[in-house]
Amino acid sequence: MKIAVIGQSLFGQEVYKELRKDGHTIVGVFTIPDKDGKADPLATQAEKDGVAVFKFPRWRVKGQAIPEVVAQYEATGAELNVLPFCSQFIPMEVIDRPKHGSVIYHPSLLPRHRGASAINWTLIHGDKKGGFTVFWADDGLDTGPILLQRECDVERDDTVNTIYNRFLYPEGVKGTVDAVRLIAEGKAPRITQPQEGATYECIQKKDNAKIDWNQSAEALHNWIRGNDKVPGAWAEVDGQKVTFYGSTLVDNGTAANGQPLEIPGASRPGIVTKTGLVLFGNDGKALLVKNLQFEDGKMIAAAQFFSSGSSAAVELTEEEKTFAEQMRAVWQSILSNVSHIEDSTDFFKSGAASMDVVRLVEEVKLRASSCQLQNEDVYMNCTFRDFIQMCVRKLRGEDDEEELVVDYVEKNTNNMTIKMPHQLFINGEFVDAEGGKTYKTINPTDGSAICDVSLAQISDVDKAVAAAKEAFEEGEWGKMNPRDRGRLIYKLADLMEEHQEELATIEAIDSGAVYTLALKTHVGMSIQTFRYFAGWCDKIQGSTIPINQARPNRNLTFTKKEPIGVCAIVIPWNYPLMMLAWKTAACLTAGNTVVLKPAQVTPLTALKFAELAARAGLPKGVINILPGSGAVVGQRLSDHPDVRKLGFTGSTEIGKHIMKSCAVSNVKKVSLELGGKSPLIIFADCDMDKAIRMGMSSVFFNKGENCIAAGRLFVEETIHDQFVKRVIDEIKKMKIGDPLDRSTDHGPQNHKAHLDKLVEYCQTGIKEGATLICGGKQVQRPGFFFEPTLFVDVQDHMYIAIEESFGPVMILSKFKSGEVDDVLRRANATEYGLASGVFTRDISKALYVSEKLNAGTVFVNTYNKTDVASPFGGFKQSGFGKDLGQEALNEYLKTKAVTIEY
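This structure is a prediction, so every number in the text was calculated from the model and none was measured.

As a further point, take the packing of aromatic side chains. With the rule as written, the count across this model stands at 28 aromatic pairs. With 4.6 Å between their ring centres and 10° between their planes, Phe-30 and Phe-54 make a pair best called stacked. Separated by 24 residues along the polypeptide, Phe-30 in strand E2 (residues 25-30) and Phe-54 in strand E3 (residues 53-54) bring together distant segments of the chain. The interplanar angle of 85° and the centroid separation of 5.4 Å between the aromatic rings of Trp-573 and Phe-806 together place this pair among those described as edge-to-face. With Trp-573 in the loop between strand E25 (566-570) and helix H18 (576-589) and Phe-806 in the loop between helix H25 (799-802) and strand E34 (809-815), this pair connects stretches of sequence that are 233 residues apart. The class of Phe-806 is buried, set by a relative accessible area of 17%. The ring of Phe-280 is capped by Arg-268, whose NZ or CZ atom sits 3.7 Å from the centre of that ring. Over the face of the ring belonging to Tyr-892 we find Lys-645, whose NZ or CZ atom lies 3.9 Å from the ring centre.

One pass over the structure, following the stated rule, counts 48 salt bridges. One salt bridge in this structure joins Lys-38 and Asp-356, with 2.9 Å as the shortest N-O distance. Of this pair, Lys-38 sits in the loop between E2 and helix H2 (41-49) while Asp-356 sits in helix H10 (residues 354-367), and the two are 318 residues apart along the sequence. Take Lys-38: its relative accessible area is 23%, and that puts it in the partly exposed class. A salt bridge links Glu-74 to Arg-97; the nearest nitrogen and oxygen atoms lie 3.9 Å apart. Of this pair, Glu-74 sits in helix H3 (residues 67-74) while Arg-97 sits in the loop between helix H4 (92-95) and strand E7 (102-106), placing them 23 residues apart in sequence. The class of Glu-74 is partly exposed, set by a relative accessible area of 34%. Taken together, the shared-partner salt bridges in this structure form one network comprising Asp-22, Arg-150, Asp-178 and Arg-181.

So, about the pairing of strand E11 (residues 240-250). Most of E11 sits inside the fold, with eight of its eleven residues counted as buried. Summarising the sheet, strand E10 (residues 233-237) and E11 pair through five bridges and their orientation is antiparallel. Pairing of Ala-235 across the sheet is with Val-242, part of E11. Pairing geometry for E11 and strand E15 (residues 286-293), over seven bridges, is antiparallel. Within E15, the residue paired with Tyr-245 across the bridge is Asn-291.

Turning next to the nonpolar core. Formed by 108 residues in total, the largest nonpolar core has its most connected members in Phe-530 and Ile-682. It is H18 that provides the largest number of residues to this core, a total of ten residues. Not counting residues within four places of it along the chain, the set of residues in contact with Ile-682 comprises Ala-691, Leu-713, Phe-714, Val-715, Glu-716, Ile-719, Phe-723, Phe-815 and Phe-839. Core analysis: the next-biggest nonpolar cluster, separate from the first, contains 33 residues, Ile-3, Val-5, Phe-11 and Leu-80 among them.

A few words on the packing of helix H22 (residues 688-700) against helix H23 (residues 717-733). At a minimum axis separation of 10 Å, H22 and H23 run at an interaxial angle of 60°. In this view, H22 runs oblique relative to H23, as classed from their interaxial angle. H22 and H23 meet at a crossing whose hand is right-handed. Residues Met-688, Asp-689, Ala-691, Ile-692, Met-696 and Phe-700 of H22 touch H23, and the partners they reach there are Ile-719, Gln-722, Phe-723, Arg-726, Val-727, Glu-730 and Ile-731.

Helix-helix packing: each pair is described by the crossing angle between the helix axes and the interaxial distance. Between helix H15 (residues 482-498) and H18, the shortest axis-to-axis distance is 11 Å and the interhelical angle comes to 165°. By the angle between their directions, the pair H15 and H18 is classed as roughly antiparallel. Crossing handedness for the pair H15 and H18: right-handed. Counted together, Arg-485, Ile-489 and Met-496 of H15 and Leu-577, Leu-588 and Thr-589 of H18 form the full contact between these two elements. The class makeup of the residues in the contact of H15 with H18 is four nonpolar, one polar and one charged.

Let us look at the pairing of strand E22 (residues 449-454). For strand E21 (residues 438-442) and E22, the ladder comprises five bridges, and the chain directions are antiparallel. Note that in E22 the partner of Thr-438 across the bridge is Ser-454. Connecting E21 to the antiparallel partner E22 that follows it, the hairpin turn spans six residues, and Gly-447 within it adopts a positive phi of roughly 80°.

A few words on unusual backbone geometry. Residue Pro-111 follows Leu-110 across a cis peptide bond; omega there is 15°. Along the chain, Pro-111 turns up in the loop between E7 and helix H5 (118-124). Residues other than glycine seldom take positive phi values, yet Asn-414 does so here, at roughly 55°. Looking at the secondary structure, you find Asn-414 in the loop between strand E17 (409-413) and strand E18 (416-420). Owing to a relative accessible area of 11%, Asn-414 belongs among the buried residues under this scheme. The backbone of Lys-703 sits at a positive phi, close to 65°, despite the residue not being glycine. Tracing the sequence through the fold places Lys-703 in the loop between H22 and strand E31 (710-716). The exposure class of Lys-703 is buried, given its relative accessible area of 3%.

What counts as what
- Residues numbered from 1 in each chain as written.
- Predicted model: local features only at pLDDT ≥ 70, side-chain atom pairs only at ≥ 80, totals over all residues.
- Heavy atoms only, no water.
- Phe/Tyr/Trp six-rings, centres within 6.5 Å; stacked < 30°, edge-to-face > 60°.
- Helix = DSSP H or I, 4+ residues; strand = E, 2+ residues; numbered from the N terminus.
- Buried < 20%, exposed > 50% of the residue type's maximum accessible area, 1.4 Å probe, protein only.
- Lys NZ or Arg CZ within 6 Å of the ring centre and 35° of its normal.
- Salt bridge = Lys/Arg side-chain N within 4 Å of Asp/Glu carboxyl O.
- Pairing = 2+ DSSP bridges.
- Core = buried A, V, L, I, M, F, W, Y, C linked by side-chain atoms within 4.5 Å.
- Contact = heavy atoms within 4.5 Å.
- Axes fitted to C-alpha atoms, helices over the stretch in contact; angles between N-to-C directions.
- Parallel < 35°, antiparallel > 145°, perpendicular 65-115°, else oblique.
- Left-handed = near helix turned anticlockwise from the far one by under 90°.
- Nonpolar A, V, L, I, M, F, W, Y, C, P; charged D, E, K, R; others polar.

Below is the structure:
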């Protein structure tokens, strides 16, 4: 069809481009005159394409169409008028002229919200549904028959910008083009608008956007967001007109800490807090405003209301002066109507619009990739001087980010002072749990309380998930270049290394890990894990796939690897920091955000990690740490509709429950690393010295609190007695004691309940007839110490042969010489399949056994040899999914296939 496009803006430009792609002939573009020497984007694109462009300042005078204007329009011979976004009054002589009439895009579900401020009023009225209409123009005001409508959910904190950018703009372009297709095919309906539900509201302008404080918090929130960004809801504050932006409803505004701000007419003073300005409705409920703008156009973060303008100007280095001149040239190219960019030049008063803000942000990225700006940064630093000062501060890492406030618990131990956060970590801040609830975390060495730790509640989980979702969908993290993401993760690993002795000490007193092991493995491998995955950030890629061509056209199919979104991670107590690292490093590398629940009994290294992550510069909301119970925090994470992936390490019983909850809630992606009963087969032809050393390690490493611990050793009968004797000798050499003592081999079990289970486990073994050679009971000293234990004569049907002890208990059985397949049958006769091992000098036997063992990891002539580059995970009821290695990334990515026809 021959189409005249009448309108303006980027929206009009995109509709124009899509109509041309559909094969329509654009016979004319009718748009607004240039403003400050700059053409409208629609005009710019049409002129570039050689399409006739008309820039009438008006179409009628005193209600009458201007004949010359109408004549120029008629000369185009248009068969259809498309008005994607038009701010001018178009006379009916033009509307009715084409063969197919005229269609208009309107950003509401007509007949509701007729008028020019439809999006504003959708939000002001608190509508739960929004959307757009393409309708046939008539002589009424948005009253013509409906051709097409599409709707969307209105989110609680949507603004005009967010709902426009998320739905009304992209789907509106598609919908307008789809409407034209229906017209071309002769299938376009004309549905008379109903009178029921019809509303018409006035145009929102600054003078009628004043806030009426005698309303509920929700109504105030709707008014502010409904006027954000244009025209801006305002009120008198401190004798001047202040405009409010970035409103969100909050649940606990009454508990906000900050400086009171008197607001005339408000039911109570606002509170300037670290996160913004808390305001109150007449119902006592609260909302939070992030930004404020003064009458002179200056915008500030609301949190800086009492400190705005107090920072001294920084003196620029020569390199920074070069950057400033580059940016001056960029400003000059954007503000082409300004003869020279002075330090006092105001970006917006000089004619810049929202699209120019986007361009400026991208221009900065091209010249300084480490300076990650948000659009808000430009709005809040609108003069060239302020803009450069802000950029330079960001480049130096001095960009007025709020100082991290940590209420440490300090202890002098291990020849150092350790500083331990003890509150929840949500959205970049350490905060108390809802209701101030706490519990005591216990030092297993002596049973004393280390400190009180905040105990997360369901509402805290919801806040953390919301923060993670915002960080992923709206924040800097989701927009960051992968290489920059990797740089932050490298920085985090460096900070962990700087604090490795402190982390290892915290791990020792909170989990009972021997300090030297904590330093090397618990902390050391955690650092290695983050460094390994940091290197993967810019190497995550898809592939191109040859498919059958749609002749005579051709096709290109490719895949993209994309982050999943908000991921929940639930970790156990045996390796508190390392389990965090194994999952979180891959999750962050893939570009996700995290809500992590550490084990309730070992929360402290996770909270210290949160502090280091914040100091490394990871944006707010990317990492959230919630100490608490599995029944409350773990269950809510499993059920939460905004969590899209859950990674769990723990018992098989809990893993099954989590898997069920994740399926019922929203079919979350799940990875599970569960229980084990790992067999270790020792043949007579082994290197005996190595088999003894590794066999001891396979059971007693980390006090037996090791998911891949050898839960059962099968020793060939000809060396059985010799093996037992040497194991007893080695056990006698083990020093049980304070984990901070460098000579200690064996520290306390993690917590009292686990110690009691080990005692019960061994008593069961004795009752069933297994022979207890040594150990089997608690050490008579303060704390949760358990003797290294050895059982022999263990038969396949016994409880201790089937179930995992998760402690320092060696379960030893013999097998007959030459019966390789029989011992393999016994080794595989378990519902678990996490790890396994074999010791033999016969390479053929080693390869055969490793092939037949049904476990995710097989160790040959070694044990516990894990590495950050090698995938780790189990079979059968030991779970599915992998930690570590490249395969771990797949647990936190989704694959999208894209097919293009050309």
